[in-house]
Amino acid sequence: MSDAEVVVIGSGPNGLVAACVLARAGLKVLVLEANPARAGGALGSEQGTLPGFVHDVGAAFFPFPRKSPAFRELGLVDREGLVLHNAAIESCHPGPDGSVACITRDAERSAQLFGDPRDGAAFAELSRWFAGIEEDLLGFLLGPLPTLRPLLRLLPFDAFRVARILLSSCAGLSRRLFRGEAARRVFPGLAMHVDVGPDDPLGAAVGFMLGMTATTAGYCIPQGGAQAITDCLVKILERHGGSVRLGSRVARVLVGKQRAEGVVLADGTSIRATRAVMADTAAASLMLDLVERQHVPGRVLRFMSRFPHGWGTFKLDWALSGPVPWAVPEARQAAVVHVGDSVEDLRRFTAQVRGGALPDNPYLVVGQQSLVDPTRAPQGHHTLWAYSRVPANPAGGWGMHAESFADRVDARIEGLAPGFRGTVLARRVVAPPDLEAMDANLVGGDLGGGSNQWNRQLVFRPLFPYFRHRMPVRRLYLCSSYTHPGSGVHGMCGYNA
């Protein structure tokens, strides 16, 4: 096996973006992927229920393909021809009482659909304001630390308003902005894409940014499945002389003279890296498992041994005979349906998961990709994708609970879409251990690259002073979502590294 100037461990979007950037700069880059069948890690698609039904294995809708500086520089959409679809409604938030709040890319339509008319007007004003500052705000939130120049371009009032939002809890921000429960549950529901509860200090950033990016680029759905994004990145890499090798699990990083010099595969093969090793891996896995411990400072070893992971994730895929018969008609047009009854319901859900209990009224993120991408299912049929947040290791283990909790999720959807169960042709259950087996970075089903609490962000991600991707071993860089700016398919962790 030939050596390389740069070896990248893992072919998730961050690893592939790092590889593409370096290959375009003229370096000889080799990406090593443990999966024997495909690149992409959690960014992929497969026929997981019935033949002809294409399901995204992990990430499924994408705010960033048109907005990420990394993807824009690589020309993912403009030059590579990635086809993206948007639904008429980006995000729908129905309640069991029939109330609903929706986000669209049209401010006027969002105003009409965002619960109470006064809340609709407030949300429309917020979205117009955000559109004017989005580029600078994303430059600050996504760029390599420290990145202050984009903030300096904001007017003083805008900077003050941004600071006030980012320093809020989700529930506090919603209470300040909106009057009705339908509107107030939107941002806290969006924040639960990671381990941020409604009342967590400084927790508003995730919910606010997911809500606002839905009003600009929207929640894009790649034609053919999420694998299309991965395939575009692989083509860019190969066109610039780089390569991906599947079925190549890295067992150890070779260290000599306190610098990374290559890797050893699980089959014993050694591969030399003359310039750098880039790791698109979990932070603790890199420091505890891949690098021999005598090369890692004791403080780092102690922290990694108790690394703060986010909540587990329980995912389901369904093959359906028709679209979901949501009682609220707006949900039938939505790319994503967020299921959370109220802010109080989300508080209760948060307490149950943090207490180690399986939630009795699961919060859900439900993806309806086949509504706008007919390549996902046979004609007249549909796919459905959903996840809930759960404790990684419930009492008794997932073997005891997986099917019964999946039934609970089915019942939750049935309550909002009477007749749903009658449309189900097949169901695939993916518990946290299954997610980790599919992608080793999803430790315990943690899809956020570790906890996303405020004290695990910015210079504390993954830990100070290693927030600029350089690890304690020279020539070794961490480029996964365990580094700033964290989770989301934007490629910026790899780009910044």
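Here is a short report on the structure shown in this document.

1. What to know about the overall build of the protein
Scanning the protein for helices and strands turns up 18 helices and 18 strands. For a compact globule of 497 residues, the expected C-alpha radius of gyration is about 23 Å, and the protein comes in at 22 Å, within 12% of that figure. With the principal axes as the frame, the protein shows a C-alpha extent of 65 × 55 × 45 Å. Counting every position in the protein, which comprises 497 residues, the buried fraction comes to 61%. For the protein, contacts bridging at least 24 residues in sequence account for 72% of all contacts bridging at least 6. In the form shown here, the protein has an accessible surface area of approximately 18,500 Å², with 53% of it arising from carbon and sulfur atoms. For the protein, the centre of its 51 positive side-chain charges and the centre of its 45 negative side-chain charges are spaced 7 Å apart.

2. What to know about the pattern of salt bridges
The full count for this structure, using the stated rule, is 24 salt bridges. The shortest N-O distance in the salt bridge between glutamate 134 and lysine 67 comes to 3.0 Å. Residue glutamate 134 is found in helix 4 (residues 117-142), and its partner lysine 67 is found in the loop between strand 4 (55-56) and helix 2 (69-74); the two are separated by 67 residues along the sequence. Here aspartate 136 makes a salt bridge to arginine 153, at a shortest N to O gap of 2.9 Å. Taken together, the positions of aspartate 136 in helix 4 and arginine 153 in the loop between helix 5 (149-152) and helix 6 (156-166) put the pair 17 residues apart, joining distant regions of the chain.

3. Overview of the layout of surface pockets
For the second largest pocket, the calculated volume is near 170 Å³. Considering the residues around the second largest pocket, the lining is formed by Lys67, Ser68, Pro69, Arg72, Ala131, Glu134, Glu135, Leu138 and Gly139. Of all the secondary structure elements, the ones that give two or more residues to the lining of the second largest pocket are helix 2 and helix 4. Ranked by residue count, the leading element in the lining of the second largest pocket is helix 4, at five residues. Residue composition of the lining of the second largest pocket, grouped by class: three nonpolar, two polar and four charged.

4. So, the packing of helix 4 against helix 6
As a packed pair, helix 4 and helix 6 sit with axes 12 Å apart at the nearest point and diverge in direction by 100°. One way to sum up the angle between helix 4 and helix 6 is to call them roughly perpendicular. Contact with helix 4, carried on its side by Glu125, Leu126, Trp129, Ile133 and Leu137, involves Asp158, Arg161, Val162 and Ile165 of helix 6 and no other residues of that element. When grouped by side-chain class, the residues that make up the contact of helix 4 with helix 6 number six nonpolar, no polar and three charged.

5. Regarding the side chain of glutamate 134
For glutamate 134, a relative accessible area of 4% gives the class buried. Polar side-chain contacts of glutamate 134 include one of 3.0 Å to the side chain of lysine 67. Sequence-distant contacts of glutamate 134, that is, excluding residues within four places in its chain, are made with Lys67, Thr213 and Thr216.

6. Quick word on the pairing of strand 10 (residues 250-256)
Of the strand pairs in this sheet, strand 10 and strand 11 (residues 259-265) are connected by six bridges, and their pairing is antiparallel. Bridge pairing links glycine 256 to arginine 259 in strand 11. The turn linking strand 10 back onto strand 11 is made up of two residues, and lysine 257 within it adopts a positive phi angle of 55°.

7. A short note on unusual backbone geometry
Generally, phi is negative for residues other than glycine and the peptide bonds are trans, each holding for most cases. Between leucine 145 and the following residue, proline 146, the backbone shows a cis peptide bond with an omega angle of -10°. The omega torsion across histidine 484 and proline 485 is 5°, close enough to zero to call that bond cis. Phi is positive for arginine 475, which is not a glycine, with a value near 65°. Mapped onto the secondary structure, arginine 475 falls in the loop between helix 17 (432-438) and strand 18 (476-478).

8. Brief notes about the packing of helix 12 (residues 283-290) against helix 13 (residues 298-305)
Across the interface, helix 12 lies against helix 13 with an axial gap of 9 Å and an inter-helix angle of 125°. Regarding the angle of helix 12 to helix 13, the classification is oblique. The crossing of helix 12 and helix 13 is left-handed. Taking contact as the criterion, the partners of Ala283, Ala284, Met287 and Leu288 in helix 12 are, on helix 13, Val300, Leu301, Met304 and Ser305.

Calculation criteria
Residues numbered from 1 in each chain as written. Predicted model: local features only at pLDDT ≥ 70, side-chain atom pairs only at ≥ 80, totals over all residues. Heavy atoms only, no water. Helix = DSSP H or I, 4+ residues; strand = E, 2+ residues; numbered from the N terminus. Rg over C-alpha atoms; globule rule 2.2 N^0.38 Å. Buried < 20%, exposed > 50% of the residue type's maximum accessible area, 1.4 Å probe, protein only. Contact = heavy atoms within 4.5 Å. Areas by Shrake-Rupley, 256 points an atom, 1.4 Å probe, with all protein chains shown as cover. Lys, Arg positive; Asp, Glu negative; His and termini not counted. Charge placed at Lys NZ, Arg CZ, Asp CG, Glu CD. Salt bridge = Lys/Arg side-chain N within 4 Å of Asp/Glu carboxyl O. 1 Å grid on protein atoms, 1.4 Å probe; cavity = no way out; pocket = protein on both sides within 12 Å on 5 of 7 lines; lining within 4 Å. Points joined across faces, edges and corners; volume = space filled by probe spheres on them. Nonpolar A, V, L, I, M, F, W, Y, C, P; charged D, E, K, R; others polar. Axes fitted to C-alpha atoms, helices over the stretch in contact; angles between N-to-C directions. Parallel < 35°, antiparallel > 145°, perpendicular 65-115°, else oblique. Polar contact = N/O pair within 3.5 Å; in protein donor to acceptor, adjacent residues only side chain to side chain. Pairing = 2+ DSSP bridges. Left-handed = near helix turned anticlockwise from the far one by under 90°.

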